Amino acid sequence: MSENLRRASRALVSVSDKSGVVDFTRALAGFGIELISTGGTRKILSDAGLRVLDVSELTGFPEMMDGRVKTLHPAVHGGLLAKRGNSEHLEAMQAHKIRPIDIVVVNLYQFEATVGGGGDFAACIENIDIGGPAMIRAAAKNHDDVAVLVDANDYAALIEELKRHNGSTSLALRRRLAAKAYARTASYDAAIANWFAGAVKEATPDYRAFGGRLVEALRYGENPHQSAAFYRTPEPRFGVATARQVQGKQLSYNNINDTDAAYECVAEFDPARTAACAIIKHANPCGVAEAETLVDAYRRAFACDRTSAFGGIVALNRTLDAAAARAITEIFTEVIIAPDATEEAIALVAAKKNLRLLLAGGLPDPRTAGLTAKTVAGGLLVQTRDNAVVDDMDLRPVTKRAPTNAELRDLSFAFRVAKHVKSNTIVYAKDLATVGIGTGQMSRVDAARIAARKAQDAAREAGLKEPATKGSVVASDAFFPFADGLLVAIEAGATAVIQPGGSMRDDEVIAAADAHGIAMVFAGTRHFRH
C-alpha cells in the first residue's frame with residue numbers, strides 16, 4: 001500500500017517555546033526545505049546563520065498591531081489549505097501567486113503559563129494566540145498534504161521521517177500529527193474558556209471543556225482490563241501532577257488517585273503550625289494525626305488502623321526527614337508524598353526499591369477555588385472544589401454544655417479529616433489523632449458503629465485496656481438524621497460532637513446530647529464526598 005508520500009519544500013516555523021528550534025530548522029534546511037518565520041523566531045534562526053524568509057515578505061504586509069496580525073493572510077492560509085491534487089485549487093494558487101507550505105511548526109503563546117503565574121487580565125488576554133491556532137487547524141485539516149507540529153518532542157520523529165523518505169513525509173505521520181494538533185488547540189481553548197468563565201464570574205457557562213497534556217500512559221486503569229493515562233491540566237496546584245518521582249516503579253491509576261487524596265488531606269494542616277501525616281487506603285484516610293514532629297505524627301496516624309495502613313499511601317505536610325523515613329519504611333508502603341525530602345531521607349527510602357517517593361514541591365492551598373469534574377452517562381458533572389476550611393467556620397455550640405478548649409481543638413481536627421473521608425462519614429479523634437474512622441456507609445449509624453469497632457480492634461492489637469474512643473470527640477460530615485448515630489458515638493465514649501446541623505430533627509439530636517451531658521457544635525457546612 002502506498003504511503004502517500006509528500007515532498008516537503010517549504011516550512012513555516014513560528015514558536016513561542018524556542019527550545020531545540022535552531023537544530024531542528026537547520027536539519028530541515030539540510031533537506032533543501034525553504035524556511036519561513038516570524039518575529040522572534042526568525043531573529044533567532046537568522047542569528048544562527050540560517051536563511052529565513054520573513055512572513056511579511058511572503059504576504060506583502062508587515063507585522064502590525066503589536067504582532068497581532070502577521071500570518072492571517074491568503075498567502076499563508078492558501079498555501080496551507082490548498083489540496084495539491086485539486087486542479088481548481090492549483091489554478092487559484094497560480095493566479096494569486098500562492099506557494100504551498102508543506103510543514104507548519106507552531107507552539108502557542110504561553111497562555112496557560114501566564115495564568116498559572118498570576119498574570120493580570122490584560123496580560124492573559126495578550127497571551128491568547130490567534131494566528132497560531134488558525135495555522136495549526138488549517139494544516140491539520142489539510143494533513144493529506146501538510147505536516148503540522150505543535151510539540152518540540154516531535155522534532156526528532158519528523159527529521160527521521162524525512163531521512164527515511166528522502167525529504168518526504170508519510171500520510172501515517174501527517175495524520176498522527178494532525179490528531180495531536182487538534183487535541184492541542186482543544187486543550188488550549190478549554191484553558192482560555194475556563195479562565196474567562198472565572199474572570200467574568202460565570203459559574204455555569206453554556207459550554208464547558210477540559211483539557212490536559214499527557215504525563216504518561218499507565219499500565220492499566222482501576223482494573224487490569226481497563227486502559228488509562230495520566231494528564232496534567234493547566235491548574236497550578238501542587239500535588240501528584242507537579243511531583244518529581246525520586247524512585248520506585250511506575251505509579252498506577254489507583255496509586256495516583258489515592259496519592260492525590262492523601263496529599264489534599266494532609267494539606268489541610270498548616271506546616272507552619274504543626275507537622276501532620278495522613279495514611280490513605282483506597283482514597284480514604286485510615287489514620288491522620290498531627291504532632292511536633294513528622295515521625296510522631298506518622299506513628300500516631302499509624303496507630304489508628306495498623307492493618308489498613310499496610311500497603312497504604314503516606315502523605316506528609318513537611319519535608320521528609322530521616323526519622324520519619326525510618327519509621328515509614330518499617331512496613332510495606334506503596335507511596336510517600338511530601339513537599340520535599342532531605343538527602344538522608346532519600347537515601348533511607350532508596351533501600352526500598354519498589355517504594356515510590358514523590359516530592360511535590362509545595363502544598364496545595366485548601367482554600368483555593370477550582371473545579372472538579374466527573375463523567376456520567378452522556379455528560380459531565382462539574383462543581384467548584386470543596387475549599388471550605390474549618391478554621392474559617394463559625395462553630396456554634398448548641399447544647400447546654402459547651403466544649404472545653406481541648407475538645408474544641410479535637411473537634412476542629414476531626415472535622416478537618418472528615419472533609420476527606422467518603423460519605424457517610426464518622427471520625428473519632430483524640431489528642432489530635434484519629435482513633436476510629438467509618439467511611440462510605442449507606443447509613444450514618446453504620447459508619448459510627450464501624451468506626452467504633454475499628455477503635456476496639458486497634459486497642460486489642462495494641463494491648464490497651466479500652467479503645468481510644470473513650471474520651472474522644474466525633475465528627476460527622478453531614479447532619480445526624482436521627483439520634484441513633486449519635487447514641488452509638490456516645491456509647492463508644494465520645495464526649496463532644498461536631499456536625500453541620502440542618503436536620504428537621506436537630507432538636508431531637510440536641511436533646512439526646514444534652515441527656516448524656518455531651519457537648520455539640522454546629523459547623524454550618526456539610527462535607528459530602530462521593
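Description of the structure in this document. (Residues numbered from 1 in each chain as written. Predicted model: local features only at pLDDT ≥ 70, side-chain atom pairs only at ≥ 80, totals over all residues. Heavy atoms only, no water.)

Moving on to the overall build of the protein. Across its full length, the protein holds 19 helices and 23 strands. Summarising its shape, the C-alpha atoms of the protein cover approximately 95 × 50 × 45 Å along the three principal directions. Counting every position in the protein, which comprises 530 residues, the buried fraction comes to 48%. Within the protein, contacts between residues separated by at least 24 positions form 58% of all contacts whose residues are at least 6 apart in sequence. Taking the average place of the 62 positive charges on the side chains of the protein and the average place of its 62 negative ones, the gap between the two points comes to 4 Å. (Helix = DSSP H or I, 4+ residues; strand = E, 2+ residues; numbered from the N terminus. Buried < 20%, exposed > 50% of the residue type's maximum accessible area, 1.4 Å probe, protein only. Contact = heavy atoms within 4.5 Å. Lys, Arg positive; Asp, Glu negative; His and termini not counted. Charge placed at Lys NZ, Arg CZ, Asp CG, Glu CD.)

Turning to the packing of helix α1 (residues 21–30) against helix α9 (residues 155–164), a few remarks are in order. Between α1 and α9, the least distance of the axes is 10 Å, while the angle of their chain directions is 15°. The angle between α1 and α9 falls in the class roughly parallel. The crossing of α1 and α9 is left-handed. Contacts between α1 and α9 involve V21, F24, A27 and L28 from the former and Y155, L158, I159 and L162 from the latter. In the contact of α1 with α9, the residues fall into eight nonpolar, no polar and no charged. (Axes fitted to C-alpha atoms, helices over the stretch in contact; angles between N-to-C directions. Parallel < 35°, antiparallel > 145°, perpendicular 65-115°, else oblique. Left-handed = near helix turned anticlockwise from the far one by under 90°. Nonpolar A, V, L, I, M, F, W, Y, C, P; charged D, E, K, R; others polar.)

Right, let's talk about the nonpolar core for a bit. One recurring pattern in soluble globular proteins: nonpolar side chains tend to sit buried together. Of all hydrophobic cores here, the largest spans 45 residues; its most connected members are V427 and I498. Residues within four places of I498 in sequence aside, it is in contact with L395, L411, F415, V474, A475, S476, V521 and A523. Formed by 30 residues, the second largest nonpolar core is a distinct cluster that contains C277, L294, V314 and A345. (Core = buried A, V, L, I, M, F, W, Y, C linked by side-chain atoms within 4.5 Å.)

Moving on to the pattern of salt bridges. Tallied over the entire structure, the rule returns 30 salt bridges. Between E235 and R385 there is a salt bridge, and its shortest N-O distance comes to 2.5 Å. In this pair, E235 is assigned in the loop between β9 (229–232) and β10 (244–247) and R385 in the loop between β17 (379–384) and β18 (396–397), connecting sequence segments 150 residues apart. For E235, a relative accessible area of 34% gives the class partly exposed. Residue class for R385 comes out buried when judged on its relative accessible area of 13%. Among the ionic pairs, D457 bridges to R460, the shortest N-O distance being 2.5 Å. (Salt bridge = Lys/Arg side-chain N within 4 Å of Asp/Glu carboxyl O.)

Right, let's talk about the packing of helix α4 (residues 74–81) against helix α8 (residues 131–141) for a bit. Look at α4 against α8: their axes get within 8 Å of each other, and the N-to-C directions meet at 25°. Judged by the inter-axis angle, α4 sits roughly parallel to α8. Contacts between α4 and α8 involve V76, H77, L80 and L81 on the former and, on the latter, A134, M135, A138, A139 and K141. Each residue belonging to the contact of α4 with α8 can be placed in one class, and the counts come to seven nonpolar, one polar and one charged.

For the rest of this paragraph, the subject is the sheet that holds strand β12 (residues 284–291). Strand order in the open sheet formed by six strands is β10-β15-β14-β13-β11-β12, and the pairing between neighbours is mixed. With partners counted over all chains shown, the strands left at the sheet margins are β10 and β12, one partner each. Strand-to-strand, the axes of this sheet are offset by a mean angle of 20°, without reference to chain direction. Contacting β11 (275–281), β12 and β13 (312–316), helix α12 (residues 294–304) crosses the sheet at an angle of about 140° to β12. (Pairing = 2+ DSSP bridges.)

Moving on, we get to the pairing of β12. Among the eight residues in β12, eight count as buried, and that is most of the element. As paired strands, β11 and β12 are joined by seven bridges and run antiparallel to one another. Residue pairing for β12: I279 is matched across the bridge by G287. Connecting β11 to the antiparallel partner β12 that follows it, the hairpin turn spans two residues, and H282 within it adopts a positive phi of roughly 50°.

Attention now moves to the environment of V314. Relative to the assigned elements, V314 resides in strand β13. Each C-alpha atom of the pair V314 and A301 lies 9.7 Å from the other, and the pair is 13 residues apart in sequence. Apart from residues lying up to four places away in sequence, V314 is in contact with C277, A278, I279, Y298, I328, T333, V335, I336 and I337.

Counted residue by residue, α8 has eight buried out of 11 residues, so it is predominantly covered. Of all the residues in α8, the buried ones are G131, G132, P133, M135, I136, A138, A139 and A140. The inward-facing, buried residues of α8 contact β2 (10–15), α4, β5 (103–107), β6 (147–149) and α10 (171–199).

This part covers the packing of aromatic side chains. Overall, the coordinates contain nine aromatic pairs when judged by the stated rule. Judged by centre distance (6.3 Å) and plane angle (70°), the ring pair of F111 and Y188 falls under edge-to-face. Placement of F111 in helix α6 (residues 111–116) and of Y188 in helix α10 is noted, with a sequence separation of 77 residues between them. For the pair F111 and Y188, a shared accessibility class is recorded, and that class is buried. Through a chain of ring-to-ring contacts, the aromatic side chains of F111, F121, Y188, W195 and F196 assemble into a single cluster. Its guanidinium or amino end placed over the ring of F269, R416 lies 5.5 Å from that ring's centre, counting from NZ or CZ. (Phe/Tyr/Trp six-rings, centres within 6.5 Å; stacked < 30°, edge-to-face > 60°. Lys NZ or Arg CZ within 6 Å of the ring centre and 35° of its normal.)

Each strand in a sheet pairs with its neighbour through backbone hydrogen bonds, running either in the same direction (parallel) or in the opposite one (antiparallel). Here six strands make up an open sheet; going across it, the order is β18-β23-β22-β21-β19-β20 and the pairing mixed. Each edge of the open sheet carries a strand with a single partner, namely β18 and β20 (434–438). Contacting β19 (426–429), β21 (473–476), β22 (496–499) and β23 (519–522), helix α18 (residues 484–492) crosses the sheet at an angle of about 25° to β19.

This next bit is on the layout of surface pockets. When its volume is computed, the second largest pocket comes out at roughly 850 Å³. As for the second largest pocket, its lining consists of 25 residues, of which E112, R184, S187, G212 and R213 are closest to the centre. Contributing elements (two or more residues each) for the lining of the second largest pocket: α6, α10, β8 (213–217) and β9. Considering every element that reaches the lining of the second largest pocket, the biggest residue donor is α10, with four residues. Class assignment for the residues of the lining of the second largest pocket results in 10 nonpolar, seven polar and eight charged. (1 Å grid on protein atoms, 1.4 Å probe; cavity = no way out; pocket = protein on both sides within 12 Å on 5 of 7 lines; lining within 4 Å. Points joined across faces, edges and corners; volume = space filled by probe spheres on them.)

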